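Survey of secondary and tertiary structure
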Amino acid sequence: MLEDTRNQIKLMVSSNNNEIDFKSKRLEEKNEEITQLTSSLNIVKKKLDEAQDEILQLKSNISASLDEATTRSIQKELVREVPPAKPKLLFVGTSNIQGIHVEKLTQAADIKKVIQYTLDDTSEFLSTFTDTPDMLVLHSLTNDLKTKQPTQCIDRLFHIISEASSKWPLLKCVISFTTPRRDSITNFTNAQIINALLKQKFSGVDNIFFADHTNMLVNGNPNDNLLCEDKIHLNDKGISILASNIKRAIHTGLHIPLPPARPRSRSRQRPNRGRGRGRGRDYD
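Treat the numbers as computed from the prediction; the structure is a model and nothing was measured.

1. Comments concerning the overall build of the protein chain
A count of helical and extended segments in the protein chain gives seven helices and seven strands. Ordered by position from the N terminus, the helices and strands of the protein chain form the series α-β-α-β-α-β-α-β-α-β-β-β-α-α. Each of the 284 residues in the protein chain was classed as buried or not, and the buried ones make up 32%. Residue pairs at least 24 apart in sequence account for 69% of intrachain contacts in the protein chain once pairs closer than 6 positions are excluded. Of the roughly 18300 Å² of accessible surface on the protein chain, a fraction of 53% belongs to carbon and sulfur atoms.

Pasting the structure below:
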């Protein structure tokens, strides 16, 4: 019996050892599978992290691109909304410019109009003017020609322009010629002499431009249809032509093309025959 018992015990031990070996082998296989799965999981996790990093980078790039596009769009809008500053124009002259509406004269510049009756008044005003104009327009000879010789008028005007150019080195200047008049043959003749001397004195001078009013003459004589009853001052039609001539000189000096003239129907022109046409419209 003892021997049988020993044999049975040996069989049981052998069986248990076999089972242990089998289960140990299975355990090793499972551990190997777990190791492989863990390695695969780490690889997948690494790829997922890399993909997430790429997504974050793409989001950052897209956000930066959108911000840049938005900034450019805002800048374009600001450029469209804020037009460039217009040149500053100082318009000084006698009472003949009183009827010129600066808002109709030109939209190409910001205009300040000042009435000064004589060249001396003009000189004194300019000496105390504190702003810096880009262009000076002078229509200032009408009254002085009655008390001064033509050469004296030219010398005084030259002094005024020289002083203004020294004060504002980049200044451009438009000289408006004298306009026709019939109050006196002497005054009319002196006015024409002054105009000729102006061309002789200032032609070819840098930044000096002329507003010529010979289109107010008929066969070399004043056009009565452009004058008031006193035969000195311009009526509405004369002021309109004066303004048009000055406008052309301004645009020439500023190197800005004139805007196209707006067509006017005959029905609007007929009531103005024989009267001034300077009211209610822009100067062509």
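2. What to know about the packing of helix α4 (residues 150–167) against helix α5 (residues 185–202)
Put simply, α4 and α5 touch, their axes get as near as 9 Å, and they point 45° apart. Considered as vectors, α4 and α5 are oriented oblique to each other. Judged by the twist between their axes, the crossing of α4 over α5 is right-handed. Every residue of α5 that contacts α4 at Pro150, Thr151, Cys153, Ile154, Leu157, Phe158 and Ile161 is listed here: Asn190, Ile193, Ile194, Leu197, Leu198, Lys201 and Phe202. Of the residues in the contact of α4 with α5, the class split is 11 nonpolar, two polar and one charged.

3. Considerations on the pairing of strand β1 (residues 88–93)
Most of β1 is tucked away, with five of its six residues classed as buried. The sheet contact formed by β1 and strand β2 (residues 110–115) spans six bridges and is parallel. From the neighbouring strand, phenylalanine 91 faces β2, where its bridge partner is lysine 113. Examined bridge by bridge, β1 and strand β3 (residues 135–139) share five bridges and lie parallel to one another. When the bridges of β3 are listed, leucine 90 appears paired with leucine 136.

4. Points about the confidence of the model for the protein chain
One rule of thumb: low pLDDT means the predicted coordinates there are not for detailed reading. On average, residues of the protein chain carry a pLDDT of 87, and 90% of them reach 70 or more. Every residue in residues 267–280 scores below 50 in pLDDT, and together they form 15 contacts with partners more than four places removed in sequence or on other chains.

5. Observations regarding unusual backbone geometry
Of note, asparagine 207 is a non-glycine position whose phi angle comes to about 65°, a positive value. Position of asparagine 207 relative to the elements: it lies in the loop between α5 and β5 (208–211). The exposure class assigned to asparagine 207 is partly exposed, which follows from its relative accessible area of 33%. In this model, histidine 255 sits at a positive phi of 60°, which is unusual for a non-glycine residue. Inspection of the secondary structure assignment puts histidine 255 in the loop between α6 (236–254) and α7 (266–269).

What counts as what
- Along each chain, residues carry numbers from 1 onward, in the same order as the chain's sequence is written.
- Predicted model: local features are reported for residues with pLDDT of at least 70 only, side-chain atom pairs are reported and counted for 80 or more only, and whole-chain, interface and lining totals are derived from all residues.
- To get the side-chain values, all heavy atoms of the structure are used, and hydrogens and water are removed first.
- Helical segments are the DSSP runs of H or I of at least four residues, strand segments are the runs of E of at least two, and each set is numbered from the N terminus.
- Exposure categories follow from relative accessible area, calculated using a 1.4 Å probe and restricted to protein chains: below 20% of the type maximum is buried, above 50% is exposed, and the middle band is partly exposed.
- Contacts: residue pairs with any heavy atoms within 4.5 Å of one another.
- Accessible surface is estimated by sampling points in the Shrake-Rupley manner with a 1.4 Å probe; for residues, cover comes only from the protein chains shown.
- Only the contacting stretch of a helix is used when fitting its axis, a line to C-alpha atoms as for every element, and angles between N-to-C directions run 0 to 180 degrees.
- Should an angle fall under 35 degrees it is called roughly parallel, over 145 degrees roughly antiparallel, and 65 to 115 degrees roughly perpendicular, with every other angle called oblique.
- Whether a crossing is left-handed or right-handed is set by the direction in which the near helix is turned from the far one by less than a right angle, anticlockwise for left-handed and clockwise for right-handed.
- Gly counts as polar in this scheme, as do all residues outside two lists: the nonpolar Ala, Val, Leu, Ile, Met, Phe, Trp, Tyr, Cys and Pro, and the charged Asp, Glu, Lys and Arg.
- Two strands pair if DSSP finds at least two bridges between them.
- Think of pLDDT as the predictor's per-residue confidence, scored from 0 to 100.

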